Amino acid sequence: MLHVSDTVAIQDWELTESFMRASGPGGQNVNKVSTAVELRFEAERSPSLTPAVKARLKRLAGRRWTQDGALVIQVDTTRSQAQNRDIARERLAELIARALIAPKKRIATKPTKGSIRRRLDAKTQRGEIKALRSRVRDP
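A short tour of the structure in this document, coming up. Because the structure is predicted, anything quoted here is derived from the model rather than measured.

Concerning the nonpolar core
A general feature of soluble globular proteins is that nonpolar side chains tend to end up buried together. Ile10, Phe41, Leu57, Leu71, Leu92 and Ile96 are the most contacted members of the largest nonpolar core, which has 23 residues in total. Sorting the residues of this core by element identifies strand 4 (36-41), helix 2 (51-61), strand 5 (71-75) and helix 3 (81-100) as the ones contributing at least two each. The element contributing the most residues to this core is helix 3, with 6 residues. Contacts of leucine 71, omitting those with residues within four sequence positions, involve Leu39, Arg40, Phe41, Leu57, Ala61, Arg64, Trp65, Leu92 and Leu95.

Rendered as structure tokens:
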């Protein structure tokens, strides 16, 4: 079980881990041992997340979100399979924790009378400057 917050915990059946050979440094070990981890979280079918959280998670996940509603995280940072598993789980928990935070609604405010006056004064002044650029007409 993966604990994300006090209210949200991801069950083990929702997570699927697969291991593959990693690229990068590691000598002969890289060709023999499957250290890279691909963590797959079936987010769309998860009962522990609300629809609003799922929508925010989908937006945050970007390319890591598959068409069938799963979130795929790949880690091959270290040469240890156990460390890569822990990093993948931490990244998933961090992503879900970010999705749990609901964005604040913007409150529309009216501009102050002073700011309206300053804006109009600046527009008038700019218009006068532009008027001075035109040709001078003889009376």
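Points about the packing of helix 2 against helix 3
Between helix 2 and helix 3, whose axes approach to 8 Å, the crossing angle comes to 125 degrees. Judged by the inter-axis angle, helix 2 sits oblique to helix 3. Relative to helix 3, helix 2 is oriented so that their crossing is right-handed. Only Leu95, Ile96, Arg98, Ala99 and Leu100 of helix 3 make contact with helix 2, whose side of the interface consists of Val53, Arg56, Leu57, Leu60 and Ala61. Of the residues in the contact of helix 2 with helix 3, the class split is 8 nonpolar, no polar and 2 charged.

Some words on the sheet that holds strand 5
Here we have 3 strands laid out as an open sheet, ordered 3-4-5, and antiparallel in their pairing. Every interior strand has two partners, whereas the edge strands, strand 3 (15-20) and strand 5, have only one. Each strand axis lies, on average, 15 degrees off the axis of its neighbour in the sheet, ignoring direction. Across 6 bridges, strand 3 lies against strand 4 in antiparallel orientation. Bridge pairing in strand 4 links threonine 16 to arginine 40.

With respect to the pairing of strand 4
Pairing analysis gives 5 bridges linking strand 4 to strand 5, with the strands arranged antiparallel. Paired with leucine 39 across the two strands is isoleucine 73, which belongs to strand 5.

Points about the environment of leucine 57
Inspection of the secondary structure assignment puts leucine 57 in helix 2. Leucine 57 sits in the buried class, given a relative accessible area of 0%. Residues within four places of leucine 57 in sequence aside, it is in contact with Phe41, Ala43, Leu49, Trp65, Leu71, Leu95, Ile96 and Ala99.

Thresholds, definitions, all that
Residue indices begin from 1 for each chain and proceed along its sequence in written order. Note on the predicted model: pLDDT of at least 70 is required for a residue's local features to be given, and 80 or more for side-chain atom pairs to be given and counted; whole-chain, interface and lining totals, by contrast, use all residues. The basis for the side-chain values is all heavy atoms of the structure; hydrogens and waters are excluded. Throughout this description, the term nonpolar core refers to a set of buried Ala, Val, Leu, Ile, Met, Phe, Trp, Tyr and Cys residues connected via side-chain atoms within 4.5 Å. The classification of residues rests on relative accessible area computed with a 1.4 Å probe and restricted to protein chains. Under 20% of the type maximum is buried, over 50% is exposed, and intermediate values are partly exposed. The way it works is that DSSP assigns letters per residue, a run of H or I at least four long becomes a helix, a run of E at least two long becomes a strand, and they are numbered from the N terminus. When checking whether two residues touch, look at their non-hydrogen atoms; a contact exists if any pair is within 4.5 Å. With axes taken as lines fitted to C-alpha atoms, and helix axes fitted only over the stretch in contact, angles between N-to-C directions fall between 0 and 180 degrees. Between 65 and 115 degrees an angle is taken as roughly perpendicular, under 35 as roughly parallel, over 145 as roughly antiparallel, and anywhere else as oblique. Helix crossings fall into two classes, left-handed where the near helix is turned counterclockwise from the far one by less than a right angle and right-handed where it is turned clockwise. Each residue is assigned to one of three groups, with Ala, Val, Leu, Ile, Met, Phe, Trp, Tyr, Cys and Pro labelled nonpolar, Asp, Glu, Lys and Arg labelled charged, and all others, Gly among them, labelled polar. Strands are labelled as partners when DSSP assigns at least two bridges between them.

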